[in-house]
Amino acid sequence: MKKKISHIFLFFFILQLGCAQDNPPIIETPTKINYSYKIVVDGIDIPWGMAFINVDEFLVTEQSGILYYVNKGQKREVNGLPKVYFRGQGGLLDVALHPNFSENKIIYMTLGANTEGDKKGGNTSLYCAVLNGTQLSEVKLLYKAIPNTKTSQHWGSRIVFDQKGHVYFGIGDRGERDVNPQDITRDGGKIYRLNLDGSIPKDNPFVKKSGAKTAIFSYGHRNPQGMTIHPITGQIWEHEHGPRGGDEINILKKGANYGWPEITYGINYSGTVITNKTSAPNMVQPFYYWIPSIAPTGMTFLTSNIYKSWKDNLFVGSLKFQYLERLVIENEKVVKREKILDNIGRVRNVVEGPDGYLYVSVEGKGILKIIPNK
Amino acid sequence: MKLLLMFYFLGMSFFGYFLAPQKSKAESIKNGSEIYHDFCYRCHGINGVGQDDLIPPLKSSDYLMNNIDLSIAGLKYGLKGKITVNGIVYDSYMAYQGLDNDEIADVMNYILNQWENINEGFITAQQVEKIPKSILEK
């Protein structure tokens, strides 16, 4: 009998070794589902980024390099795009409207690019252009990360704006974690801030550091694929893919170091340790971290009252577990996590439309609209 | 003289094409391993076992071993819709990754000869080149 008990202990001990401790709150699967969904546009394999012009009209990027203009569910390809370098996780990524789009028709895009004409791969870039109907003109390169590389990984990238005339976008570490994220003289593993015309803001944190990439706003990031502005505080919320475990939500501060790969709650995919440190002086702790990793993409706060009790919640797509996650935040803590659209497919993005509904993009399916039951 | 030079270069390029040493299977597998550990392992796993009922295994996968052309087409064009692997139905979208034909050949040779998978054949870029998108639509 004693032997049996010790075997059971041994079994659990080994189990413990095999998987890191899940970080609470544990994800819940609701027993009652009070919503359905409808597909508003289909036939887009990887709908990566999405930007609403109004309730009927929006733009969607397809990662392989197509920009769609959608009007009442009908999609048409936009012409005049810059050349997209598509490989692995790169390609045509996010799209966003200039804060004054209704007057100037300017859009912003992040995409994998090779503007140098070398055969060395690509890196993430930020472009702007003027959109007239389905035609782009005045295409302008605002930022291009260097060097080019053929690695598939970690291009970022989302685009957001503050109220003070800045555009923010992220670039992942491009698979060079020991070289890029902690070095402010190199691109990769950073969030960048530019003026809307692409110039460098005079009060960017590293403008006076010699050799630094002066567009940097914050650093020590791994692969940011979610960014949104908090509707009340105006702060920029970002999330990024961790390695195995340790996906993070961060609230961005100017000049701050978010620690990758010096500190992390994750381990290598192979199970080996990256670092034992989860905190360090002068490195910012995440607001929340996911263990196990959900592979987060896209993020929005819900400001509307359309869905009973979902107002002010944070919504994040899970590529890995193929659902939309609803996070309830109270007193600056995540207190509840719940699966929405369980098993829907690889979720790429989530935004709140001008009508207050949640629109979710799913690989191989298209854009879905979540509709509450009456 | 000009003509002679032209013939000379034409001849040399012909020789070059036919005499150029082909990549060995071992080399192809080695390149394929690098591609696998950059593009594929996050979903299919370092041990090729996939992920629950969301991502199918490559190790001992009847779909892979019995449908090599379809698997190549999946890498070349993306794979959408339901497939059955070892009796389990999977319905996740696998995107085209932007890999060149020779890279697809390399990663195929790797997964066909890893984790106790054995394939006597040798996939070449020329073979990948010939596979049309239409075979996915049957």
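Computed from a predicted structure; not experimentally measured.

All names here are of chain A. Space inside the second largest pocket adds up to approximately 1200 Å³. Forming the boundary of the second largest pocket are 41 residues, of which Ile159, Val160, Phe161, Thr228 and Ile229 lie nearest the centre. Mapped by element, the contributors of at least two residues to the lining of the second largest pocket are strand 2 (47–52), strand 6 (92–97), strand 10 (159–161), strand 11 (166–171), strand 14 (224–229), strand 18 (296–301) and strand 22 (347–352). Taken together, the residues of the lining of the second largest pocket sort by class into 22 nonpolar, 12 polar and 7 charged.

Residue and element names in this part refer to chain A. Per the stated rule, a full pass over the model turns up 23 aromatic pairs over all chains. Considering the side-chain rings of Tyr143 and Tyr192, the 4.9 Å spacing of their centres and the 45 degrees angle between planes classify their relative orientation as tilted. One end of the pair, Tyr143, is in strand 9 (residues 135–144); the other, Tyr192, is in strand 12 (residues 190–195), and 49 residues separate them in sequence. Comparing Tyr143 with Tyr192 shows no difference in burial state: the two are buried. One residue, Arg174, lies across the ring of Trp155, its end atom 3.6 Å from the ring centre.

So, on to the confidence of the model for chain A. Scored by pLDDT, chain A has a mean of 94; 95% of the residues are at 70 or more. When the criterion is pLDDT under 50, residues 10–18 of chain A qualifies, and its contacts beyond four places in sequence or with other chains add up to 2 contacts.

This part is about the sheet that holds strand 18 of chain A. Residues and elements named next belong to chain A. Here 4 strands make up an open sheet; going across it, the order is 18-19-20-21 and the pairing antiparallel. One side of each edge strand has no neighbouring strand; the edge strands of this open sheet are strand 18 and strand 21 (333–340). Across this sheet, the average inter-strand angle for adjacent strands is 25 degrees, counted without regard to direction. Pairing analysis gives 7 bridges linking strand 20 (residues 323–330) to strand 21, with the strands arranged antiparallel. Following the sheet pairing, Arg326 is matched in strand 21 by Glu338.

What follows deals with the packing of helix 4 (residues 68–77) of chain B against helix 5 (residues 101–112) of chain B. Residues and elements named next belong to chain B. Orientation of helix 4 relative to helix 5, taken along the N-to-C sense of each, is 130 degrees, at an axis distance of 10 Å. Comparing their axes, helix 5 and helix 4 come out oblique. Crossing of helix 4 over helix 5 shows right-handed handedness. Listed contacts from helix 5 to Ile68, Ser71, Ile72, Leu75 and Lys76 of helix 4 are Asn101, Ile104, Val107, Met108 and Leu112.

Residue and element names in this part refer to chain A. Within the open sheet, the 4 strands sit side by side as 10-11-12-13. Their pairing is antiparallel. The open sheet is flanked by strand 10 and strand 13 (216–219), the only strands paired with a single partner. Sheet twist, expressed as the average angle between the axes of neighbouring strands with direction ignored, equals 20 degrees. Here 3 bridges tie strand 12 to strand 13, and the two strands are oriented antiparallel to one another. Bridge pairing in strand 13 places Ile191 opposite Ser218.

Residues and elements named next belong to chain A. The full count for this structure, using the stated rule, is 1 cavity of 30 Å³ or more. The calculated volume of the largest cavity comes to roughly 30 Å³. What lines the largest cavity is Arg222, Glu240, His241, Gly242, Pro243, Gly246, Glu248, Trp260, Ile263 and Thr264. In terms of residue class, the lining of the largest cavity is built from 3 nonpolar, 4 polar and 3 charged.

Opposite charge on two side chains permits them to pair, given that their charged atoms come into close proximity. All names here are of chain A. For the coordinates displayed, the defined rule picks out 16 salt bridges over all chains. Between Glu28 and Lys336 there is a salt bridge, with the nearest N and O atoms lying 2.7 Å from each other. Of this pair, Glu28 sits in the loop between helix 1 (2–18) and strand 1 (35–42) while Lys336 is found in strand 21, placing the two residues 308 residues apart along the sequence. A relative accessible area of 23% places Lys336 in the partly exposed class. With a closest N to O distance of 3.4 Å, Lys213 and Asp187 form a salt bridge. With Lys213 in the loop between strand 12 and strand 13 and Asp187 in the loop between strand 11 and strand 12, this residue pair connects regions lying 26 residues apart in the sequence. Here Asp187 falls in the buried class, since its relative accessible area comes to 3%. Salt bridges linked by common partners bring Glu28, Arg326, Lys336 and Glu338 together as one network.

Our focus in this paragraph is the interface of chain A and chain B. Interface size is commonly expressed as the accessible area that is lost once the parts come together. Each partner contributes to the interface: chain A provides 19 residues, whereas chain B provides 18 residues. Buried surface at the junction of chain A and chain B, summed over both partners, amounts to about 1700 Å²; 49% is from carbon and sulfur atoms. Per-residue buried area on chain A facing chain B is highest for A:Phe86, A:Arg87 and A:Tyr269; these three make up 30% of the total on that side. Taken together, the connections running from chain A to chain B amount to 2 salt bridges. With a closest N to O distance of 2.8 Å, B:Glu103 and A:Arg87 form a salt bridge. Our enumeration of links across chain A and chain B arrives at 9 residue pairs in polar contact (both at pLDDT 80 or more). When its residues are assigned to classes, the side of chain A that touches chain B shows 4 nonpolar, 9 polar and 6 charged.

All names here are of chain A. Along strand 16 (residues 247–251), 5 of the 5 residues are buried, which leaves the element largely enclosed by surrounding structure. With burial as the criterion, each face of strand 16 is covered, one bearing Asp247, Ile249 and Ile251 and the other bearing Glu248 and Asn250. Inspection of the sheet shows strand 15 (residues 236–240) paired to strand 16 by 4 bridges, in the antiparallel sense. Residue pairing for strand 16: Glu240 is matched across the bridge by Glu248. From the end of strand 15 to the start of strand 16, which pair antiparallel, there are 6 residues, and Gly245 there has a positive phi angle of about 80 degrees. Across 3 bridges, strand 16 lies against strand 17 (residues 288–290) in antiparallel orientation. Bridge pairing in strand 17 places Ile249 opposite Tyr288.

Cut-offs used in this document
Residues numbered from 1 in each chain as written. Chains lettered and ligands numbered in written order. Predicted model: local features only at pLDDT ≥ 70, side-chain atom pairs only at ≥ 80, totals over all residues. Heavy atoms only, no water. 1 Å grid on protein atoms, 1.4 Å probe; cavity = no way out; pocket = protein on both sides within 12 Å on 5 of 7 lines; lining within 4 Å. Points joined across faces, edges and corners; volume = space filled by probe spheres on them. Helix = DSSP H or I, 4+ residues; strand = E, 2+ residues; numbered from the N terminus. Nonpolar A, V, L, I, M, F, W, Y, C, P; charged D, E, K, R; others polar. Phe/Tyr/Trp six-rings, centres within 6.5 Å; stacked < 30°, edge-to-face > 60°. Buried < 20%, exposed > 50% of the residue type's maximum accessible area, 1.4 Å probe, protein only. Lys NZ or Arg CZ within 6 Å of the ring centre and 35° of its normal. pLDDT = per-residue confidence, 0-100. Contact = heavy atoms within 4.5 Å. Pairing = 2+ DSSP bridges. Axes fitted to C-alpha atoms, helices over the stretch in contact; angles between N-to-C directions. Parallel < 35°, antiparallel > 145°, perpendicular 65-115°, else oblique. Left-handed = near helix turned anticlockwise from the far one by under 90°. Salt bridge = Lys/Arg side-chain N within 4 Å of Asp/Glu carboxyl O. Buried area = accessible area lost by both parts, 1.4 Å probe. Polar contact = N/O pair within 3.5 Å; in protein donor to acceptor, adjacent residues only side chain to side chain.

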